[in-house]
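# Observations on chain architecture
In case you want the letters, here they are:
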Amino acid sequence: MNFEFPKGVRYADDMIIILKPPHNATEILEKVSKFLDERGMKISEKKTKLTATTDGFDFLGWHFKVQNNGKFRSTPSEDNFKTFHQKIKHIINSSNYGAIVKAKKLAPIVRGWRNYHRYCKMDGARFSLYHTQNRAFKVFNKETKKNRYTSKKLLDKAFPPVSYSENKFVNVKGDKSPFDGDLTYWSERNSKLYGGETSKALKRQSHKCGHCGLKMLSNERVHLHHIDGNHNNWKKNNLLAIHESCHDYIHMSKSES
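My aim in this report is to walk through the structure given alongside it, one point at a time. (Residues numbered from 1 in each chain as written. Predicted model: local features only at pLDDT ≥ 70, side-chain atom pairs only at ≥ 80, totals over all residues. Heavy atoms only, no water.)

Check the secondary structure of the protein chain and you find 8 helices and 7 strands. Counting only residues that meet the buried cut, the protein chain has 32% of its 257 residues in that class. For the protein chain, contacts bridging at least 24 residues in sequence account for 51% of all contacts bridging at least 6. Accessible surface, the protein chain: about 17500 Å² in total, of which carbon and sulfur atoms supply 52%. (Helix = DSSP H or I, 4+ residues; strand = E, 2+ residues; numbered from the N terminus. Buried < 20%, exposed > 50% of the residue type's maximum accessible area, 1.4 Å probe, protein only. Contact = heavy atoms within 4.5 Å. Areas by Shrake-Rupley, 256 points an atom, 1.4 Å probe, with all protein chains shown as cover.)

Shown next, in the form of structure tokens:
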């Protein structure tokens, strides 16, 4: 676009454009519409709306709001939290599983949810899952062969911690485009979107797939592969960051052999 553009957030074909008082919303919308029209795309009038950031709005499972003191706040949206909470509550209260199975089923769901929201404000009893963990502990501890010690160990497995840092988003440089051919910039930038062991593996591998050797770009998710197949072995020499399709191919090959 050859005009001064305000800050924006994009995911696939969804966009948020953040305006400040000098910006003209109608003018910006017209220019965005023209830009997209030249590429065979159109803005949905039904889905497009103008709202004050001080009122807050939801986007992709997050709730964004600018507080009266000017602080930009992001938290999991109400609908997102309800869906997630119902899912883990169903597992905790299920009579079909024992505590060990419940912990195994809860761990990937909790880790995934916490990872997704790791740039949100996640403190406080609600989003830290304090009350939910207490409920799970009581359920685990009711089993005849469990005590406070074994129940606590299972609880730690069921609710793996994920560090969060509110608003520490990885911004794209203003002059960069996914279509500019700069594979080095985009592979390194996209690797910052992953935390923990995946991020460490990507750095060790110079942001290349550990299976095919190609650069990691944003059009495909990165998976963490356990080389020996043991998901409890988290030694760094057993971990590879690979493309999702490469991960599928590896496991497909193993099942056919």
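Don't stop here, the text continues.
Note that soluble globular proteins tend to have their nonpolar side chains buried in a common cluster. Among the nonpolar cores identified, the biggest contains 28 residues, and Leu106, Trp113, Leu129, Phe140 and Phe159 are the most heavily contacted of them. Put simply, the parts of the chain that give this core at least two residues each are strand S3 (57-59), strand S4 (62-66), helix H2 (78-93), helix H3 (99-116), helix H4 (130-141) and helix H5 (148-158). In this structure, Tyr194, Leu224, Ile242 and Cys246 belong to the second largest nonpolar core, which totals 12 residues. (Core = buried A, V, L, I, M, F, W, Y, C linked by side-chain atoms within 4.5 Å.)

Look at H2 against H4: their axes get within 10 Å of each other, and the N-to-C directions meet at 15°. Judged by the inter-axis angle, H2 sits roughly parallel to H4. When you trace H2 past H4, the crossing you get is left-handed. Here H2 contributes His85, Ile88, Ile92 and Asn93 to the contact with H4, which in turn contributes Thr132, Arg135, Ala136 and Val139. Its residues assigned to classes, the contact of H2 with H4 comprises 4 nonpolar, 3 polar and 1 charged. (Axes fitted to C-alpha atoms, helices over the stretch in contact; angles between N-to-C directions. Parallel < 35°, antiparallel > 145°, perpendicular 65-115°, else oblique. Left-handed = near helix turned anticlockwise from the far one by under 90°. Nonpolar A, V, L, I, M, F, W, Y, C, P; charged D, E, K, R; others polar.)

As enumerated under the stated definition, the model contains 9 salt bridges in all. As a salt-bridge pair, Arg126 and Glu78 come within 2.9 Å of each other at their nearest N and O atoms. Highlighted residues: Arg126 in the loop between H3 and H4 and Glu78 in helix H2, separated in sequence by 48 residues. With relative accessibility at 39%, the residue Arg126 sits in the partly exposed group. With relative accessibility at 38%, the residue Glu78 sits in the partly exposed group. Several salt bridges share partner residues, and in doing so they unite Lys34, Glu38 and Arg39 into one network. (Salt bridge = Lys/Arg side-chain N within 4 Å of Asp/Glu carboxyl O.)

Attention shifts here to the side chain of Arg73. Within the fold, Arg73 resides in strand S5 (residues 72-76). For Arg73, a relative accessible area of 18% corresponds to the buried category. In this structure Arg73 touches His63, Phe64, Lys65, Gln67, Lys121 and Glu166, once residues within four positions along its chain are discounted.

Enumeration over the complete set of coordinates arrives at 7 aromatic pairs. On the numbers, 5.4 Å between centres and 25° between planes, the contact of Phe57 with Phe64 is stacked. The same class applies to Phe57 and to Phe64, which are both buried. Measuring from centroid to centroid gives 4.2 Å for Phe84 and Trp113, while their planes differ by 0°, and the two rings are stacked. With a gap of 29 residues between them, Phe84 in helix H2 and Trp113 in helix H3 connect regions that are remote in the sequence. By relative accessible area, which is 5% here, Phe84 ends up buried. For Trp113, a relative accessible area of 7% gives the class buried. Counting every residue linked through ring pairs, the aromatic cluster contains Phe57, Trp62, Phe64, Phe72 and Tyr116. When the ring centre of Phe35 is taken as origin, the NZ or CZ atom of Arg39, which lies over that ring, is 3.8 Å away. (Phe/Tyr/Trp six-rings, centres within 6.5 Å; stacked < 30°, edge-to-face > 60°. Lys NZ or Arg CZ within 6 Å of the ring centre and 35° of its normal.)

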